[in-house]
Amino acid sequence: MLSDGFETKGWDVDFDDQAGLDTSQVDDRRGISGGGLAVGGGAVGLVGLLVALFFGISPGGGTDSGSAPVATGSIQQDCRSGADADARTDCRVVGVINSVQDYWSSEFAGQGRSYSPARTVLFTGQTQSACGPATTDVGPFYCPGDKEIYLDLGFFNELTSRFGAKGGPFAQAYVVAHEYGHHVQDLLGTTGKVSGDRQGADSASVKLELQADCYAGVWANHAASTPDRATGRPLIDKLTRADISDALNAAAAVGDDRIQQQAQGHVDPDTWTHGSAAQRDHWFTAGYVSGRPVACDTFG
Ligand SMILES: [Zn+2]
């Protein structure tokens, strides 16, 4: 079975066109605060915003390589089905969030626990979190203080523009699944147990990061092995080792997964860069091959 997981060339994230999307798991604040500038900030961002307004570019953007979203609160109208998730980055994020949380709900239920869903806040430019201001520069992060994930889709534009296919749908899904891994750690009490040990390659914060990668792999296993009822195909095509390396490296190269310092939360300001590429690969793969969270004991 292990080798089967790596035989098929090529990968994709393909939703069932008929499937409904649950947008209640997303708080769409794009364009609401912090100036709403989409990409780059400053003069470049302002020009981009003006161009977008002038040409009436669709909020949310229709393609991976298109402009960052500039309009507000469009997700409920725009993201209704799996077909939307296949066509648009913002809707794909909704679909991945739904899939990740479906998985963890059933995993928790199987262990007699209850899973509390976490919302993802989509924003442009800047927004407030219980962990301090969320900005484009900070990159995606999970805030233990309000149990929400903060994501500027401009991060994905950068992934795609700098890495092409390597920064495509699977890399995006990995980023989302990794952040939900932090939520799972928070729910399980792992985060609280290790706060305070933030420095160095063997620190608890690096082990937390690697475990979140492993949890992302566990989800990917289920997303790649569970056939959709309508299409008969799984959400994710089988991944090659090269696919995994490419996606993890692309995500790590443009993000640093910072969590803002705050009273009740743990912080590691630069964690994506601390786990080595080989470590991240190892732990994502451990989760992906096993499909079981118990394989993610990075502290052991
Ligand atoms: Zn992380």
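Residues numbered from 1 in each chain as written. Predicted model: local features only at pLDDT ≥ 70, side-chain atom pairs only at ≥ 80, totals over all residues. Heavy atoms only, no water.

(A) Highlighting the overall build of the chain. When helices and strands are counted, the chain shows 10 helices and 6 strands. A total of 300 residues make up the chain; the buried ones form 52% of that total. Considering only contacts within the chain whose residues lie at least 6 apart along the sequence, 74% involve residues at least 24 apart. Surface accessibility of the chain: about 12,400 Å² in total, with carbon and sulfur atoms responsible for 53%. (Helix = DSSP H or I, 4+ residues; strand = E, 2+ residues; numbered from the N terminus. Buried < 20%, exposed > 50% of the residue type's maximum accessible area, 1.4 Å probe, protein only. Contact = heavy atoms within 4.5 Å. Areas by Shrake-Rupley, 256 points an atom, 1.4 Å probe, with all protein chains shown as cover.)

(B) The nonpolar core, seen in detail. Counting 57 residues, the largest nonpolar core has Phe156, Trp219, Ile236 and Phe284 as its most contacted members. Residue assignment for this core shows that the elements contributing at least two residues are helix H4 (89-110), strand E6 (148-151), helix H5 (154-163), helix H6 (169-188), helix H8 (204-225), helix H9 (241-254) and helix H10 (277-290). The element contributing the most residues to this core is H8, with 10 residues. In contact with phenylalanine 284, other than residues within four places in its own chain, are Phe170, Tyr174, Asp213, Cys214, Ala216, Gly217, Ala220, Leu239, Ile244 and Leu248. Residues Val138, Phe141, Cys143 and Tyr150 belong to the second largest nonpolar core, which totals 8 residues. (Core = buried A, V, L, I, M, F, W, Y, C linked by side-chain atoms within 4.5 Å.)

(C) Focus on the state of the cysteines. One pass over the structure, following the stated rule, counts 3 disulfides. What pairs with cysteine 214 in a disulfide is cysteine 296, and their sulfur atoms sit 2.0 Å apart. Residues cysteine 214 and cysteine 296 share a disulfide whose torsion about the S-S bond is about -75°; that sign makes it left-handed. Here cysteine 214, found in helix H8, pairs with cysteine 296, found in the segment after H10; they are 82 residues apart in sequence, far enough to count as distant. The exposure class assigned to cysteine 214 is buried, which follows from its relative accessible area of 0%. Disulfides within the chain link the bonded cysteines, taken in sequence order, as 1-2, 3-4, 5-6. (Disulfide = S-S within 2.5 Å.)

(D) Here's a closer look at H4. Taking 1.5 Å as the rise per residue, H4 with 22 residues should run 32 Å; its terminal C-alpha atoms sit 32 Å apart, in good agreement. Judged by how many residues are buried, H4 sits mostly within the fold: 17 of 22 residues are covered. Residue glycine 112 follows H4 closely and has a positive phi angle near 70°. (Expected span 1.5 Å × (residues − 1).)

(E) Seen up close, unusual backbone geometry. Although it is not a glycine, lysine 147 adopts a positive phi angle of roughly 55°. Among the structural elements, lysine 147 can be located in the loop between strand E5 (141-143) and E6. Overall, lysine 147 belongs to the partly exposed group, its relative accessible area being 36%.

(F) Region of interest: the packing of H4 against H6. As a packed pair, H4 and H6 sit with axes 10 Å apart at the nearest point and diverge in direction by 40°. Comparing the axis directions of H4 and H6 gives the class oblique. In this structure, H4 meets H6 at a crossing whose hand is right-handed. Of H6, the residues touching H4 (which contributes Thr89, Arg92, Val93, Val96, Ile97, Val100, Gln101, Trp104 and Phe108) are Pro169, Gln172, Ala173, Val176, Ala177, Tyr180, Val184, Leu187 and Leu188. (Axes fitted to C-alpha atoms, helices over the stretch in contact; angles between N-to-C directions. Parallel < 35°, antiparallel > 145°, perpendicular 65-115°, else oblique. Left-handed = near helix turned anticlockwise from the far one by under 90°.)

(G) Examining the environment of proline 140 more closely. Looking at the secondary structure, you find proline 140 in the loop between strand E4 (132-135) and E5. For the pair proline 140 and valine 121, spaced 19 residues apart in sequence, the C-alpha separation works out to 9.9 Å.

(H) Local environment of the packing of aromatic side chains. One pass over the full model with this rule turns up 9 aromatic pairs. With a centroid separation of 6.3 Å and an interplanar angle of 85°, the aromatic rings of tryptophan 104 and phenylalanine 108 are classed as edge-to-face. Taken together, the residues span about one helical turn, with tryptophan 104 and phenylalanine 108 both in helix H4 at a distance of 4 residues. Phenylalanine 108 matches tryptophan 104 in its accessibility class, with the two residues each being buried. Pairing tryptophan 104 with tyrosine 215 gives two aromatic rings, centres 5.1 Å apart and planes at 70°, and the pair type is edge-to-face. Remark: tyrosine 215 occurs in helix H8 and tryptophan 104 occurs in helix H4; sequence separation between them is 111 residues. Considered together, tryptophan 104 and tyrosine 215 belong to a single accessibility category, that of buried residues. Ring pairing ties together the aromatic residues Tyr103, Trp104, Phe108, Tyr115 and Tyr215, which thus form one cluster. (Phe/Tyr/Trp six-rings, centres within 6.5 Å; stacked < 30°, edge-to-face > 60°.)

(I) Expanded view of the pairing of E6. Here E6 shows two buried faces, one formed by Glu148 and Tyr150 and the other by Ile149 and Leu151. For E5 and E6, the ladder comprises 3 bridges, and the chain directions are antiparallel. Considered in E6, the bridge of cysteine 143 is made with glutamate 148. (Pairing = 2+ DSSP bridges.)

(J) Representation of the pattern of salt bridges. Evaluated as defined, the whole model comprises 11 salt bridges. Among the salt bridges present, the one from aspartate 14 reaches arginine 233, with a minimum N-O distance of 2.6 Å. A residue pair is termed long-range when its members are at least 10 positions apart, and aspartate 14 in the segment before strand E1 (26-28) and arginine 233 in the loop between H8 and H9 qualify at 219 residues. Residue aspartate 14 is classed as partly exposed on the basis of its relative accessible area, which comes to 24%. Its salt-bridge partner being aspartate 28, residue arginine 30 comes within 2.7 Å of it at the nearest N-O pair. A single burial state applies to arginine 30 and to aspartate 28, both of which are buried. Taken together, the shared-partner salt bridges in this structure form one network comprising Asp28, Arg30, Asp78, Arg88 and Asp90. (Salt bridge = Lys/Arg side-chain N within 4 Å of Asp/Glu carboxyl O.)

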